[in-house]
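Coordinate analysis (summary)
Listed here are the chains, written in short residue letters.
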2 protein chains.
Amino acid sequence: MIVVTTIAQVRETVKAWRQAGETIGLVPTMGFLHEGHQSLMAEAKKNNHKVIVSIFVNPMQFGPSEDLASYPRDLDSDTVACQQMGVDMIFCPTVDQMYDSYFNSMVDVDGITQALCGQKRPGHFKGVCTVVSKLFNITAPDRAYFGQKDAQQLAVIKRMVNDLNFDIEIIGCPIIREADGLAKSSRNSYLSPQERIAARCLFEAIQSAQKLIQQGEKSVDVINTEMQSIINQQPLAKIDYIEFVDLQTFKPVTRLTQDSLCALAVFIGKTRLIDNFIYQQGR
Amino acid sequence: MIVVTTIAQVRETVKAWRQAGETIGLVPTMGFLHEGHQSLMAEAKKNNHKVIVSIFVNPMQFGPSEDLASYPRDLDSDTVACQQMGVDMIFCPTVDQMYDSYFNSMVDVDGITQALCGQKRPGHFKGVCTVVSKLFNITAPDRAYFGQKDAQQLAVIKRMVNDLNFDIEIIGCPIIREADGLAKSSRNSYLSPQERIAARCLFEAIQSAQKLIQQGEKSVDVINTEMQSIINQQPLAKIDYIEFVDLQTFKPVTRLTQDSLCALAVFIGKTRLIDNFIYQQGR
């Protein structure tokens, strides 16, 4: 495994791989890797000759009041995690390497970014789309892997790839959870022991919703109220949003009569956690 | 030469070329090809094994009150022009092929688009950057060729390629002029015989400016006033802008003490024409 920090080094290696007829899978990350990331690497490993993991805490996707400065970083541990998974290259550029002082170009997806995190975190997906476009152009992968945990991000990237004709297959991978159901996230490291226990409420709310749905409930109001009541029982939790949207358009739905995404964002203390599940017709 | 209309056909052909180790030059155009475009094709032909000319009148880069509907089109004549130049592929997609009904992604360059045509034609460069990104991703060229006549467009594309890490070399090619100095443009076809004569005033203004500069004039005010007076002598002409900007930042300059672009846009009747020249220190 090689660890490279410059775009030129990536290009040189990728060019050699390409000339040898090898396919490339990219796993874009912000580092502080956990089993969620490793499941993406495993999937990438399965279907490509070479796997690149990018590690870059992208300032552009953080809002001014968000956690850019405190976002957890541990390149040594990340390097071990990648090595264990048989990754071929870590690309961990500096901010200067990615954004020169004249930098002034943005990639923006409208529509599906108007809901959920796109609404709550203005500019977030613009930052994501821009850096992912850059990473796509730098690493020229055949396939790129994103977690279903960031469901809106996955949809936005798919939309962007379709709209801008990137010749890259986008693979969404299932949410990986802790034993008690909490979705794996680098931000879980922010949680105090007490908050860590409180954080179970996100998955508990999801489970209750799924139970209601299994019992035939179609009213989003009814399901949403149940989810809210579960989370509101938890004094350390504060709901940012719980929303049901059409899986294609991300427009709100009031009844579960089409494929839908239920997404929630909840503050546990100062830590903002997200989770989601998909409702599919006839399943 | 093949003429293809679908993205899938382009990809298939490009893939075969790539596998044969052939390099690709792209000339993006809106068709109604003239000697200006042909000079780009000639340049592309010189340095690449294969040349693709895209012909697409991109609705997204026209403002609501602009000339999208009347923009001249002649695919038969364009096909002959490309054949004469030894072009290998024309890519002439429909609007539906380029933009599906869910399309919602944009590429935008800020900063240098705040001046000149970017200021006068809101959204224009966003449309240009988006379609050029798409064409880059569809044709995956080694080099792409743009005319210096659209000086701001060339600078914007270079900025975008740098910022988003497209692995493509952008080549700017000199302005091609008619015998009387008028810059070649598809829009010249709009001009009545009388307007065609009046349109000389753009190049006459440029020549006067260059003469003043040769005589040592550094004041942009003085040079600009001279250019205005020449164009204002022409009753059919109405100045949209005449501006001097720094060649890198596109910020206005008041004295010619750095590499600068002088760009002008002038309405001749209803037809908006642009032209420009570059001032380089120590030349």
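Since we're looking at a predicted model, the values are computed, not measured. (Residues numbered from 1 in each chain as written. Chains lettered and ligands numbered in written order. Predicted model: local features only at pLDDT ≥ 70, side-chain atom pairs only at ≥ 80, totals over all residues. Heavy atoms only, no water.)

Topic: the interface of chain A and chain B
Where we set the bar: Should any heavy atoms of two residues lie within 4.5 Å, those residues are counted as being in contact. Throughout, buried area stands for the accessible area (probe radius 1.4 Å) lost by two parts on being put together, summed over both. We count a salt bridge whenever a side-chain nitrogen from Lys or Arg sits within 4 Å of a carboxyl oxygen from Asp or Glu. A run of H or I in DSSP becomes a helix once it reaches four residues, and a run of E becomes a strand once it reaches two; helices and strands are each numbered from the N terminus. Gly is placed with the polar residues, together with every amino acid not listed as nonpolar (Ala, Val, Leu, Ile, Met, Phe, Trp, Tyr, Cys and Pro) or charged (Asp, Glu, Lys and Arg). By the convention used here, strands pair only if DSSP detects at least 2 bridges between them.
Each partner contributes to the interface: chain A provides 27 residues, whereas chain B provides 27 residues. Buried area between chain A and chain B, summed over both chains or domains, comes out near 2,300 Å², and the portion from carbon and sulfur atoms is 44%. Across the contact surface, chain A and chain B share four salt bridges. Looking at the side of chain A that touches chain B, the elements that each hand over two or more residues are helix 1 (7-19), strand 5 (105-109), helix 6 (124-139) and helix 7 (151-164) of chain A. Split by residue class, the side of chain A that touches chain B holds 10 nonpolar, nine polar and eight charged. By the bridge criterion, five bridges tie strand 5 of chain A to strand 5 (residues 105-109) of chain B in an arrangement that is antiparallel. When the bridges of strand 5 of chain B are listed, V107 of chain A appears paired with V107 of chain B.

A closer look at the side chain of T79 of chain A
Residues and elements named next belong to chain A. We apply this condition: Here a polar contact is recorded for every N or O atom pair within 3.5 Å, except that within protein the pair must consist of a potential hydrogen donor and a potential acceptor, and residues adjacent in sequence are included only if both atoms are side-chain atoms.
Considering the arrangement of structural elements, one finds T79 in helix 3 (residues 75-84). There is a polar contact of 2.6 Å between the side chain of T79 and the backbone oxygen of L75. If sequence neighbours within four positions are ignored, T79 has contacts with M1, V3 and I90.

What about the UniProt feature "binding site: beta-alanine" (unreviewed entry) in chain A?
Residue and element names in this part refer to chain A. As a reminder of what qualifies: UniProt positions are given in the numbering used here, feature names are shortened, and annotations may be inferred rather than shown by experiment.
The feature "binding site: beta-alanine" (unreviewed entry), as annotated in UniProt, sits at Q61 in this numbering. Mapped onto the elements, Q61 comes out in the loop between strand 3 (50-55) and helix 3. In this structure, Q61 is in contact with M30, E66, R121, H124, G127, V128 and V131, ignoring residues within four places of it in sequence. Within the structure, Q61 has its side chain in polar contact with the side chain of N58 (distance 2.9 Å).

Remarks on the pattern of salt bridges
All names here are of chain A. To keep it simple, the criterion reads: Using a 1.4 Å probe on the protein chains alone, a residue whose accessible area is under 20% of its type maximum counts as buried, one over 50% counts as exposed, and one in between counts as partly exposed.
Across all of its chains, the model carries 34 salt bridges over all chains by this definition. For E22, the salt bridge is made with K50, and the minimal N-O distance between the two is 3.9 Å. Taken together, the residues span a long stretch of sequence, with E22 in the loop between helix 1 and strand 2 (24-29) and K50 in strand 3 at a distance of 28 residues. One salt bridge connects D240 with R272, and the closest N-O pair in it is separated by 2.9 Å. Here D240 is found in strand 8 (residues 237-246), whereas its partner R272 is found in strand 10 (residues 271-279), with 32 residues between them in sequence. Relative accessible area serves as the criterion here: at 18%, D240 is assigned to the buried category. Residue R272 is classed as buried on the basis of its relative accessible area, which comes to 18%. Shared partners join several salt bridges into a network, and the residues in it are E22, K50 and D88.

Here we look at the domain arrangement of chain A
Residue and element names in this part refer to chain A. Which entries qualify depends on this criterion: All the domain ranges listed were derived from an automatic or database domain assignment.
What the domain assignment reports for chain A is domain 1 (2-173) and domain 2 (186-277). Taking the mean C-alpha position of each, domain 1 and domain 2 sit 26 Å from one another. Interface area lost by domain 1 to domain 2 is led by L116, K120 and K149, which between them contribute 33%. Counting across the domain 1 and domain 2 interface gives two salt bridges. Here D67 and R187 are joined by a salt bridge, their closest N and O atoms 2.8 Å apart. At the surface where domain 1 touches domain 2, the tally comes to 11 residue pairs in polar contact (both at pLDDT 80 or more).

Focus on the relation of the copies chain A and chain B
Put simply, the test is: What sets the superposition is a least-squares fit of C-alpha atoms, and only residues with pLDDT of at least 70 in both copies go into it.
Here chain A sits on chain B after a turn of 180° about the axis and a move of 0.0 Å along it, with an RMSD of 0.0 Å. Here the two chains are linked by the operation of a two-fold rotation axis. In terms of proximity to the rotation axis, the leading residue of chain A is V107 of chain A, whose C-alpha is 2.3 Å off the axis. Taken together, the interface assignments show that 100% of the residues at the interface of chain A recur at the interface of chain B, consistent with an identical surface on both copies.

Looking at the sheet that holds strand 10 (residues 271-279) of chain B
Residue and element names in this part refer to chain B. Just so we agree on the cut-off: To obtain an axis, a line is fitted to C-alpha atoms, over the contacting stretch when the element is a helix, and the angle between two such axes runs from 0 to 180 degrees between their N-to-C directions.
The three strands are arranged 8-9-10 in an open sheet whose pairing can be described as antiparallel. The sheet terminates laterally at strand 8 (237-246) and strand 10, the two strands that pair on one side only. Averaged over all pairs of adjacent strands, the angle between strand axes in this sheet comes to 15°, irrespective of strand direction. As judged from the nine bridges shared by strand 8 and strand 9 (residues 260-268), these two strands associate in the antiparallel manner. Directly across from D246, in strand 9, lies its bridge partner S260. Across the face of the sheet, helix 9 (residues 201-214) comes into contact with strand 8, strand 9 and strand 10 while running at roughly 20° to strand 10. Against the sheet, helix 10 (residues 220-232) contacts strand 8 and strand 9, and its axis sits at roughly 160° relative to strand 8.

Observations regarding the pairing of strand 3 of chain A
Residue and element names in this part refer to chain A. With six of six residues buried, strand 3 is to be regarded as a mostly interior element. Neither face of strand 3 is exposed, since K50, I52 and S54 on one face and V51, V53 and I55 on the opposite face are all buried. Bridging between strand 2 and strand 3 involves six bridges; their strand directions are parallel. Each bridged residue has a counterpart across the sheet, and for T29 the counterpart in strand 3 is I55.

Side note on unusual backbone geometry
Residue and element names in this part refer to chain A. A positive phi is found at F32, a non-glycine position, where the angle reads about 50°. In this structure, F32 sits in the loop between strand 2 and helix 2 (35-47). A relative accessible area of 27% means that F32 is categorised as partly exposed. Its identity as a non-glycine residue notwithstanding, L116 has a phi of 50°, on the positive side. Position of L116 relative to the elements: it lies in helix 5 (residues 116-120).

Points about the sheet that holds strand 6 (residues 143-147) of chain A
All names here are of chain A. With respect to topology, six strands assemble into an open sheet ordered 1-4-3-2-6-7, the strand pairing being parallel. If you trace the sheet from one side to the other, it starts and ends with strand 1 (2-4) and strand 7 (169-173), each paired once. Averaged over neighbouring strand pairs, the angle between their axes works out to 25° when direction is ignored. With respect to the sheet, helix 6 is in contact with strand 2, strand 3, strand 4 (89-91), strand 6 and strand 7, its orientation differing from that of strand 2 by roughly 150°.

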